[in-house]
Amino acid sequence: SAVISQKPSRDICQRGTSLTIQCQVDSQVTMMFWYRQQPGQSLTLIATANQGSEATYESGFVIDKFPISRPNLTFSTLTVSNLSPEDSSIYLCSVSGRTRSEKLFFGSGTQLSVL
Amino acid sequence: AQSVAQPEDQVNVAEGNPLTVKCTYSVSGNPYLFWYVQYPNRGLQFLLKYITGDNLVKGSYGFEAEFNKSQTSFHLKKPSALVSDSALYFCAVRDIWNRDDKIIFGKGTRLHILP
């Protein structure tokens, strides 16, 4: 199993600013995933972050808006840049188990509100 | 590209009755399938998964799911619903032959158990 610590748990930000979310895992993992969940909605994959390479972004998400860092096998950050009210959402960090058949482990999420 | 569909936004079931939450999937290869549950203001909790073998898998809280390859379905079931089962349920799929190795979630089904 994996224990994920995600910070901050919530934040209220002004339009035009940026928020960086940190994700720390208690074990080394190859792949980390960042999801967005809008209120009462499904999880939408933003990007997959591999250590030592550029993150892979899903359609509709771009690096300029959602830059990701993955400096080592236990840590990643997601920045949401140039915030607008439409970015208000829950952002979730997730990691997979050692094998591809393993379930995803989720952080507790970051609830972002943009004024 | 892989996808997963949950055709019902909401399912209402009387307490004590059997429940079914539907899920269908589309992958190019063989799927790994998962069910997660999300209670209000709480993180995602893993319920069960299908990897291979027996088509009927049993999971947490008395839930089970049946993998049907010909119908590309993975419906979640419980023989006798409890009021405490009321929550948001997500089906997810991973295409084991997809190099992107990502897990995609359905839109979610809100389950209401009526006392």
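Anything mentioned here points back to the structure above.
The structure presented is a predicted model; accordingly, all values stated were derived computationally and were not measured. (Residues numbered from 1 in each chain as written. Chains lettered and ligands numbered in written order. Predicted model: local features only at pLDDT ≥ 70, side-chain atom pairs only at ≥ 80, totals over all residues. Heavy atoms only, no water.)

Draft legend 1. Highlighting the overall build of chain B. Broken down by element type, chain B carries zero helices and 12 strands. Going from the N terminus to the C terminus, chain B shows its helices and strands as β-β-β-β-β-β-β-β-β-β-β-β. Computed over C-alpha atoms, the radius of gyration of chain B comes to 14 Å, within 12% of the 13 Å expected from 2.2 N^0.38 for 115 residues, which places it in the range of a compact globule. Its C-alpha atoms put chain B at 45 × 30 × 20 Å along the principal axes. (Helix = DSSP H or I, 4+ residues; strand = E, 2+ residues; numbered from the N terminus. Rg over C-alpha atoms; globule rule 2.2 N^0.38 Å.)

Draft legend 2. Expanded view of the pairing of strand β4 (residues 31-37) of chain A. Residues and elements named next belong to chain A. For β4, the buried fraction is high: seven of the seven residues fall into the buried class. A two-sided burial pattern is seen for β4, the buried positions comprising Met-31, Phe-33, Tyr-35 and Gln-37 on one face and Met-32, Trp-34 and Arg-36 on the other. The pairing of β4 with strand β5 (residues 43-50) spans seven bridges and is antiparallel. Each bridged residue has a counterpart across the sheet, and for Tyr-35 the counterpart in β5 is Leu-45. Hairpin connection from β4 to β5: five residues lie between these consecutive antiparallel strands, with Gly-40 at a positive phi of about 70°. Inspection of the sheet shows β4 paired to strand β9 (residues 89-96) by six bridges, in the antiparallel sense. Across the sheet, the residue bridging to Trp-34 is Cys-93, located in β9. (Buried < 20%, exposed > 50% of the residue type's maximum accessible area, 1.4 Å probe, protein only. Pairing = 2+ DSSP bridges.)

Draft legend 3. Main features of the packing of aromatic side chains. All names here are of chain A. Per the stated rule, a full pass over the model turns up 13 aromatic pairs over all chains. When the centroid spacing of 6.0 Å and the interplanar angle of 50° are considered together, the rings of Tyr-35 and Phe-106 count as tilted. Taken together, the residues Tyr-35 in strand β4 and Phe-106 in strand β10 (residues 104-106) connect sequence positions 71 residues apart. The burial state of Tyr-35 is the same as that of Phe-106; both residues are buried. (Phe/Tyr/Trp six-rings, centres within 6.5 Å; stacked < 30°, edge-to-face > 60°.)

Draft legend 4. Examining the environment of Ile-96 of chain B more closely. Residue and element names in this part refer to chain B. Position of Ile-96 among the secondary structure elements: in the loop between β10 (87-95) and β11 (103-105). Its relative accessible area of 18% is what places Ile-96 among the buried residues. Counting along the chain gives 67 residues from Ile-96 to Gly-29, while the straight-line C-alpha distance between them is 6.7 Å.

Draft legend 5. Seen up close, the layout of surface pockets. Here the largest pocket defines a volume of roughly 560 Å³. Taken together, 29 residues line the largest pocket, and the ones lying closest to its centre are Ile-90 and Gln-111 of chain A together with Gln-38, Asn-41 and Arg-42 of chain B. Mapped onto the lining of the largest pocket, the elements with two or more residues apiece are β9 and β11 (110-114) of chain A together with β10 and β12 (109-114) of chain B. Residue contributions to the lining of the largest pocket peak at four residues, all from β11 of chain A. Residues that form the lining of the largest pocket fall into these classes: nine nonpolar, 17 polar and three charged. (1 Å grid on protein atoms, 1.4 Å probe; cavity = no way out; pocket = protein on both sides within 12 Å on 5 of 7 lines; lining within 4 Å. Points joined across faces, edges and corners; volume = space filled by probe spheres on them. Nonpolar A, V, L, I, M, F, W, Y, C, P; charged D, E, K, R; others polar.)

Draft legend 6. Broad picture of the interface of chain A and chain B. Counting residues at the interface gives 19 residues for chain A and 22 residues for chain B. When the two sides are added together, the surface that chain A and chain B hide from each other amounts to roughly 1700 Å², 54% of it contributed by carbon and sulfur. Linking Glu-58 of chain A and Lys-102 of chain B is a salt bridge whose minimum nitrogen-to-oxygen distance equals 2.8 Å. Counting across the chain A and chain B interface gives six residue pairs in polar contact (both at pLDDT 80 or more). Within the residue set of the side of chain A that touches chain B, elements represented by two or more residues are β4, β5, β9 and β10 of chain A. Among the elements that make up the side of chain A that touches chain B, the one with the highest residue count is β4 of chain A (four residues). Partitioning the side of chain A that touches chain B into residue classes produces eight nonpolar, seven polar and four charged. (Contact = heavy atoms within 4.5 Å. Buried area = accessible area lost by both parts, 1.4 Å probe. Salt bridge = Lys/Arg side-chain N within 4 Å of Asp/Glu carboxyl O. Polar contact = N/O pair within 3.5 Å; in protein donor to acceptor, adjacent residues only side chain to side chain.)

Draft legend 7. Expanded view of the state of the cysteines. Taken as a whole, this structure holds two disulfides over all chains when the rule is applied. With its sulfur 1.8 Å from that of its partner, Cys-23 of chain A forms a disulfide with Cys-93 of chain A. In this structure the cystine formed by Cys-23 of chain A and Cys-93 of chain A twists about its S-S bond by roughly -65°; its chirality is therefore left-handed. Taken together, the residues span a long stretch of sequence, with Cys-23 of chain A in strand β3 (residues 19-25) and Cys-93 of chain A in strand β9 at a distance of 70 residues. Each sulfur of the disulfide joining Cys-23 of chain B and Cys-91 of chain B lies 2.0 Å from the other. Torsion about the S-S bond of the Cys-23 of chain B and Cys-91 of chain B cystine: about -65°, corresponding to left-handed handedness. With Cys-23 of chain B in the loop between β3 (19-21) and β4 (24-26) and Cys-91 of chain B in strand β10, this pair connects stretches of sequence that are 68 residues apart. You'll find Cys-23 of chain B and Cys-91 of chain B in the same group, each marked buried. (Disulfide = S-S within 2.5 Å.)

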